[in-house]
Amino acid sequence: MPIMSKISIPKVLSRKSNEFDADLAEKYKTQNAALSKILTTSDNPAKEKHIRTLVMCTHADRSSRFFWRMIRERSDLQVHSVLCWKFCYILHKILREGHVNSFIDANENINFLVTIMELYESIQGPYSQLVVQYCILLNKKINFHTVNAAFPGTLEFPNTTNVIREYGANMDSLFQLSAEIFDYLDVILKFQEQVIIDLERNHVSSVSASGQCRLFPLIATLQEACNLYDHNVRVLFKLYSGIPQDILIGHKQRFDQQWPRIQQFFKIADTLSFIKSYLQVPQIDRPPDFSMTTDKFRADLVQHMAPVVIRQQPDEFDYVIEEKSVFI
């Protein structure tokens, strides 16, 4: 007869439970330490290495629940607008580069974002209105990716595909997608304009610590604006090749209104040494011609090149970004 182990089942379960609790405690300690180093009242930009820790933890945990738990435990976010500004930036980075399930967690905490936005709408402070605009942007990003789950958080498709291949030739879907991209870009452009206005109004130098703290999020929004612009141009070319032009009058008007604002965003970013130290900013010289009646249509369609943002500094994020979002 085999000798039975003297270790009882309850003790084994208890040991595993203790190990699990210790692992959770260590994870919480690591993330809380990184968050505490970022969320300071000092008027300077967060260090990427601490943000990287939080982003990588979402991949290890396959969620951002620890992050949200720590954020909800901090009452100082409702007092110091600069803390809220940094929180928004961390969340933006997690949504862009963290685990795909971070969008599920963000949806579950969307009321927290709304509460923060409503709070700072009524508070006068150095970052108050910037926080409001950032909350609006984050809300739009969460909603866009929830509705359009094919888009990765970075809005960059792999080299082997693009937005048309993902969405196929369904003109109704592409028509709606274009409208949603216009909406998303409007919010990004409004956010960028508010940041520049805030710098000028408060006489803050773009090379100062305070200026860099305000400008840091524009690195991500510039990348998103480039990707969204490229996706929308490709979608519009596809729509114009399959839908009568009179149906697309509204889309054409929105594009004509938005294009110079995007061009201006790129031009302004290219004058800011802080932004240029991180990115090589692309320029767009002229809007594409979507009119099927012109010879330029086919030429522009064939020659269209995506405005690419090139990182000047090595990317610190060396983990794998999931290519396709999946929502359960």
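Nothing here was measured: the structure is a model prediction, and the numbers come from that model.

The rules behind the values
- Residues numbered from 1 in each chain as written.
- Predicted model: local features only at pLDDT ≥ 70, side-chain atom pairs only at ≥ 80, totals over all residues.
- Heavy atoms only, no water.
- Axes fitted to C-alpha atoms, helices over the stretch in contact; angles between N-to-C directions.
- Helix = DSSP H or I, 4+ residues; strand = E, 2+ residues; numbered from the N terminus.
- Parallel < 35°, antiparallel > 145°, perpendicular 65-115°, else oblique.
- Left-handed = near helix turned anticlockwise from the far one by under 90°.
- Contact = heavy atoms within 4.5 Å.
- Nonpolar A, V, L, I, M, F, W, Y, C, P; charged D, E, K, R; others polar.
- Phe/Tyr/Trp six-rings, centres within 6.5 Å; stacked < 30°, edge-to-face > 60°.
- Buried < 20%, exposed > 50% of the residue type's maximum accessible area, 1.4 Å probe, protein only.
- Lys NZ or Arg CZ within 6 Å of the ring centre and 35° of its normal.
- Core = buried A, V, L, I, M, F, W, Y, C linked by side-chain atoms within 4.5 Å.
- Expected span 1.5 Å × (residues − 1).
- Polar contact = N/O pair within 3.5 Å; in protein donor to acceptor, adjacent residues only side chain to side chain.
- Salt bridge = Lys/Arg side-chain N within 4 Å of Asp/Glu carboxyl O.
- pLDDT = per-residue confidence, 0-100.

Caption draft 1: Region of interest: the packing of helix 6 (residues 110-121) against helix 7 (residues 128-147). Contact pair helix 6 / helix 7: the axes reach a minimum separation of 8 Å and the direction vectors enclose 155 degrees. Put simply, helix 6 runs roughly antiparallel to helix 7. With respect to the hand of their crossing, helix 6 and helix 7 are arranged in left-handed fashion. Contacts from I110, L113, V114, I116, M117, Y120 and E121 in helix 6 reach S128, Q129, V131, V132, C135, I136, L138, N139 and I142 in helix 7. Per-class residue counts for the contact of helix 6 with helix 7 are twelve nonpolar, three polar and one charged.

Caption draft 2: Seen up close, the packing of helix 4 (residues 81-97) against helix 6. Running from N to C, helix 4 and helix 6 cross one another at 145 degrees; their axes reach a closest spacing of 12 Å. Pair helix 4 / helix 6 crosses with left-handed handedness. In this structure, helix 4 contributes S81, C84, F87 and L91 to the contact, and helix 6 contributes F112, L113, I116 and Y120. Among the residues forming the contact of helix 4 with helix 6, the class breakdown is seven nonpolar, one polar and no charged.

Caption draft 3: Here's a closer look at the packing of aromatic side chains. What the rule picks out here adds up to 23 aromatic pairs. Between F151 and Y167, the aromatic rings sit 6.0 Å apart at their centres with planes inclined by 50 degrees, giving tilted as the arrangement. Here the residue F151 occupies a position in the loop between helix 7 and helix 8 (163-167), and Y167 occupies one in helix 8, the gap between them amounting to 16 residues. You'll find F151 and Y167 in the same group, each marked buried. Taken together, F144, F151, F157, Y167 and Y184 form an aromatic cluster joined through their ring pairs. Over the aromatic face of Y28 sits the side chain of R69, whose NZ or CZ is 4.8 Å from the ring centroid. Of note, R214 hangs over the ring of Y127, and the distance from its end group to the ring centre comes to 4.4 Å.

Caption draft 4: Main features of the nonpolar core. Core analysis: the largest hydrophobic core is formed by 95 residues, its most contacted members being F87 and I275. Top contributing element to this core by residue count: helix 10 (residues 209-240), with 16 residues. Beyond its immediate sequence surroundings of up to four residues, F87 is in contact with L39, F67, W68, I71, L77, F112 and L113.

Caption draft 5: Geometry of helix 4. Relative to the 24 Å expected for 17 residues at 1.5 Å per residue, helix 4 spans 24 Å between its end C-alpha atoms, a close match to the ideal helical length. Buried residues dominate helix 4, accounting for 17 of its 17 residues.

Caption draft 6: Spotlight on the side chain of D105. Structurally, D105 is set in helix 5 (residues 102-108). A distance of 2.6 Å separates a polar side-chain atom of D105 from the backbone nitrogen of S64.

Caption draft 7: Main features of the environment of A150. Within the secondary structure, A150 sits in the loop between helix 7 and helix 8. The spatial distance from the C-alpha of A150 to the C-alpha of E166 is 7.1 Å, given a sequence separation of 16 residues.

Caption draft 8: Geometry of the pattern of salt bridges. Tallying each qualifying case throughout the model produces 15 salt bridges. For R65, the salt bridge is made with D105, and the minimal N-O distance between the two is 3.6 Å. In this pair, R65 is assigned in helix 3 (residues 65-72) and D105 in helix 5, connecting sequence segments 40 residues apart. In this structure, R234 and D230 form a salt bridge, with 3.1 Å as the shortest nitrogen-oxygen distance.

Caption draft 9: Expanded view of the confidence of the model for the protein chain. Of the residues in the protein chain, 81% reach a pLDDT of 70 or more, and the chain-wide mean stands at 84. With pLDDT under 50 throughout, residues 1-7 is counted as low confidence; its partners more than four residues away or in other chains account for two contacts. Note on residues 314-328: pLDDT under 50 across the span, and 37 contacts to partners over four residues away in sequence or across chains.

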